[in-house]
Amino acid sequence: MMKHTAVRLSTRIALDINLTETYKTAGLGSAALASALPKHIETGLFIGGEFVKSRSGKTFTTEDPATGKPICEVQEAHEEDVNDAVQAANDAFYGEWGATGGYHRSRLMNKLAELIEKNAGELAALESLDNGKAVGDSAAADVPLAAAYFRYFAGWADKALTGLTTEISGPGTGYTGRNHFNSYTRMEPVGPVGQIIPWNFPLLMLAWKLAPVLATGCTTVVKTAEQTPLSALKLAELIQEAGFPKGTVNILSGFGDKTQDGKLGPGVAMCRHKGLNKIAFTGSTSVGQAIMVEAAKSNLKQVTLELGGKSPNIVFADADLDLAIQGAHLGLFFNQGQCCCAGSRLFVEAKVYDQFVEKAINDAKSRVLGGAFTEGVHHGPQVSAEQLEKVNSMIEQGKKSGAELVCGGTQHSGDGYFVEPTIFSHVPTDSQIWNEEIFGPVMCIRKFDSIDQVVAEANDTEYGLAAAVWSTNTNKIHHMVSKLQAGTVWVNCYNTFDAAAPFGGFKMSGIGREGGPYALNNYLQVKQVTQALSQVF
C-alpha cells in the first residue's frame, strides 16, 4: 500500500483568532485565557506519526459555535486515508509498539499525562473555542480528567496482560490426578482497533478511548467528530513529543458515513476495514446500531458502544433540597445539556414538588449565557446549527405535548447557537421530550407519589445509562439502587467521574465499560494454553 509522504509544515497554519474582539471581555476571559490559544495549529491527518494532507486534498471548516464564524480549515479524511492509517496501525502493532513491554508503555503514558498538564491552558482554550463550553469547565474538568485517565491506565500497563494458572483434572483430561498438565491463560491485546469519538467532550472522550488501548498494547485509528477536531490534533502533537512509536496512534478528522463530496466516509470505512479487529464508539444509539451491522458484515469485529441515555434523576421529599437542586442543574445543564448521561427525566416527590420547581426556575434564570471566554458564563452555545435546530424542535414538541413550559424555551438572541435554559413541568410520560434524548438544556420534571410508581416510570425507557437518587434514608437508597436499570447510579451527587470508576449502560445505552479495570477487557482477548507434562523425570 502506498504511504503518505510527510508534509508536516504544509498542514500547520496560523490560528488567527482575536478573542478580545470576538467576545468583548476583560480580565481573565480576554487576557490569560486568550493568550493560552496557540499561535499556530496542526490541521493535518495524523498518520504514522506525522501530520499529512489528505489524499484528496480536501478540507472542511470547523467553526466557533459562540459566533457561527469559521475557526480554520482542517484536512478531511477519505477512505484512502483510512487505508493508510490502518496500515500504519498494523505496522506498529506487529512492529515496534507490539514489542514494547508494559513498563515502557507505562512510562510513555505518564509522559503524555505530564505533557497534557504542561499544555493544559492551550488544550482548554482549544476545547472551548471548538466546542463552545465555558473555558473554566474545560480547565477544571476536561483537561485534568484526561491527564488522570492516562495516569490511571499507565498503572495497569504492566499488569493488564496477566493471565491465570488453572488446574485441569476433569473427565475430559483422561486423568484424575493434579500434575499431568500445565494449564494457563494468556491475556493478549486484540490488535489494531478503530475508535470513533463524539463532539461533546472531545479531549476527554479521546483519553477514555486511548488510555486502555495503550495500556493493553493495542494500536488505534481514531476518527474525531467533524464539529470538534482541534484538541485531538493538539494531543497528537503531544503524542509525537512523548515519543510513542510511529503508527501507535493515528488520528483522522472528518465525517462519518459520507464525505462532503458524497464518497464513503471514514467512519464507515473504518467499520468495514478488515485490518481493524475492533470498533469502539461513543455517540447516539442509532449510529451505534449501524456500526454493529457494518462491523459484523466485515470481519465480525468486536464492538464496544457507549450510547445515548434518558437518565432518571429522582428526588425524594427527605432529600436536602438545595443540594438536590444543585445536582439537578449540574446533571442537566452542564455542557448545555450535551451529555449522554444528562438527568433529563427529573422525578420529584409530590410533597416537595412545587417548592422544588420554584427553586429550579430561579436557579435556571440565574444562569449567565455567553461565549466560552466570557467571564462569569455558566451556559454556552449548542455545538452546531444542526444541534440548535434539533433542540428548538424538541422544545416546540414539548409545548404541544401538554407539558407546562415554566422557564426559557426560546433561542437566545444574537450570534451563535444559544438556547436558554428551559424547564417543563408536569411532563406527560407519553410525550416526545420525556422519551427521546434531546441533548440540550431542556429539563423535564414530573411528580411521583410512591416508590413503586417512580421505579416503574424510571425504568420505562429503552435506555439504561445512568440514574441518580436524592435521599437521606439509607434503606430507601439501597432499595432504589437495586431496582434502577442503569449502568451508573449516583446517590446524592451527579456527574461524578473518576478514571477508576467504570461507566457504561444497560439496555440500548451500550455494550462494555469505559474506566476502571473493566475497560481493559474491551481491548484484550483470552488464549488458553494446555501443555501435557511428561511423566519421565
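Here's a quick rundown of the structure.

Conventions and cut-offs
Residues numbered from 1 in each chain as written. Predicted model: local features only at pLDDT ≥ 70, side-chain atom pairs only at ≥ 80, totals over all residues. Heavy atoms only, no water. Helix = DSSP H or I, 4+ residues; strand = E, 2+ residues; numbered from the N terminus. Rg over C-alpha atoms; globule rule 2.2 N^0.38 Å. Buried < 20%, exposed > 50% of the residue type's maximum accessible area, 1.4 Å probe, protein only. Contact = heavy atoms within 4.5 Å. Areas by Shrake-Rupley, 256 points an atom, 1.4 Å probe, with all protein chains shown as cover. Lys, Arg positive; Asp, Glu negative; His and termini not counted. Charge placed at Lys NZ, Arg CZ, Asp CG, Glu CD. Pairing = 2+ DSSP bridges. Axes fitted to C-alpha atoms, helices over the stretch in contact; angles between N-to-C directions. Right-handed = clockwise from strand over helix to strand, strands pointing away. Core = buried A, V, L, I, M, F, W, Y, C linked by side-chain atoms within 4.5 Å. Phe/Tyr/Trp six-rings, centres within 6.5 Å; stacked < 30°, edge-to-face > 60°. Lys NZ or Arg CZ within 6 Å of the ring centre and 35° of its normal. Expected span 1.5 Å × (residues − 1).

1. What to know about the overall build of the protein
Inference 1: Scanning the protein from terminus to terminus reveals 16 helices and 24 strands.
Inference 2: Compactness check: the protein gives a C-alpha radius of gyration of 24 Å against a globular reference of 24 Å for 537 residues, within 12% of the reference.
Inference 3: A total of 537 residues make up the protein; the buried ones form 57% of that total.
Inference 4: Excluding contacts between residues fewer than 6 apart, the proportion of contacts in the protein whose partners are at least 24 apart in sequence is 75%.
Inference 5: Summed over all atoms, the accessible surface of the protein reaches about 21200 Å², with 51% contributed by carbon and sulfur.
Inference 6: The centroid of the 45 positive side-chain charges in the protein is displaced by 6 Å from the centroid of its 55 negative side-chain charges.

2. Details of the sheet that holds strand β14 (residues 312-315)
Inference 1: Pairing in this open sheet of seven strands is mixed, and the strands run β16-β17-β18-β15-β14-β20-β21 from one edge to the other. Because the sheet does not close on itself, it has two edges, and the strands there are β16 (404-407) and β21 (488-491). Taking the axes of each pair of neighbouring strands and ignoring which way they run, one obtains an average angle of 25 degrees across the sheet.
Inference 2: Where helix α12 (residues 353-365) meets the sheet, it contacts β14, β15 (345-349), β16, β17 (422-425) and β18 (442-448), and its direction lies at approximately 170 degrees from that of β18.
Inference 3: Across the sheet, helix α15 (residues 451-458) is in contact with β14, β15 and β18; its angle to β15 comes to roughly 175 degrees.

3. Re the pairing of strand β11 (residues 249-253)
Inference 1: By the criterion of burial, β11 is predominantly enclosed, with five of the five residues buried.
Inference 2: Side chains V249, I251 and S253 of β11 all project onto a buried face; the interleaved residues N250 and L252 project onto the opposite face, where all are buried too.
Inference 3: Here five bridges tie strand β10 (residues 219-224) to β11, and the two strands are oriented parallel to one another. From the neighbouring strand, V221 faces β11, where its bridge partner is N250.
Inference 4: A crossover connection joins β10 to the parallel β11 through helix α8 (residues 230-242); in handedness this β-α-β unit is right-handed.

4. Side note on the side chain of S128
Inference 1: Here S128 is to be found in helix α5 (residues 120-131).
Inference 2: The class for S128 is buried, based on a relative accessible area of 0%.

5. Focus: unusual backbone geometry
Inference 1: With a phi close to 60 degrees, N335 is a non-glycine residue in the positive phi region.
Inference 2: Note that N335 resides in the loop between α11 (321-333) and β15.
Inference 3: Here H426, not a glycine, exhibits a phi torsion of approximately 50 degrees, which is positive.
Inference 4: By the secondary structure assignment, H426 is in the loop between β17 and α14 (432-435).
Inference 5: With a relative accessible area of 38%, H426 lands in the partly exposed category.

6. Focus: the sheet that holds strand β8 (residues 181-189)
Inference 1: Reading across the sheet, the three strands line up as β7-β8-β24 and stay open at both edges, with antiparallel pairing between neighbours. The outermost strands of the open sheet, each flanked by one partner alone, are β7 (165-166) and β24 (524-532).

7. Points about the nonpolar core
Inference 1: Within the largest apolar cluster, 101 residues are counted, with the highest numbers of intra-cluster contacts made by M109, F150 and F356.
Inference 2: No other element matches the ten residues that helix α7 (residues 202-216) contributes to this core.
Inference 3: Those residues in contact with F356 that sit more than four places away from it in its chain are V315, L321, A324, I325, A328, L346 and V348.
Inference 4: If you look at the next biggest cluster of nonpolar residues, it comprises 26 residues, including L388, A403, Y417 and V455.

8. Examining the packing of aromatic side chains
Inference 1: Using the criterion set out here, one finds 16 aromatic pairs in the structure.
Inference 2: Ring geometry for F46 versus F51: centroids 5.0 Å apart, planes at 45 degrees, classification tilted.
Inference 3: With a relative accessible area of 0%, F51 lands in the buried category.
Inference 4: For the pair F201 and F334, a centre-to-centre distance of 6.1 Å together with 25 degrees between the ring planes defines the contact as stacked. Of the two residues, F201 is situated in the loop between β9 (192-196) and α7 and F334 in the loop between α11 and β15; the sequence distance between them amounts to 133 residues. Each member of the pair, F201 as well as F334, is classed as buried.
Inference 5: One aromatic cluster is present, formed by Y149, Y152, F153, W208, W490, Y494, F497 and F503 through successive ring pairs.
Inference 6: Over the aromatic face of Y523 sits the side chain of K278, whose NZ or CZ is 5.5 Å from the ring centroid.

9. Focus on helix α13 (residues 385-400)
Inference 1: Over its 16 residues, α13 extends 23 Å from the first C-alpha to the last, a length consistent with the 22 Å expected when each residue adds 1.5 Å.
Inference 2: Those residues of α13 that are buried are in contact with β17, α14 and β18.
Inference 3: Once α13 finishes, G402 follows within two positions and takes phi at roughly 100 degrees, a positive value.

10. Points about α8
Inference 1: The end-to-end C-alpha distance of α8 is 19 Å, a good match for the 18 Å that 13 residues give at a rise of 1.5 Å each.
Inference 2: Burial runs high along α8: eleven of the 13 residues are buried.
Inference 3: Listed in full, the buried residues belonging to α8 are L230, S231, A232, L233, K234, L235, A236, E237, L238, I239 and A242.
Inference 4: Of the residues trailing α8, G243 is marked for its positive phi of about 100 degrees.

So far we have only geometry, and geometry alone does not tell us how the molecule works.
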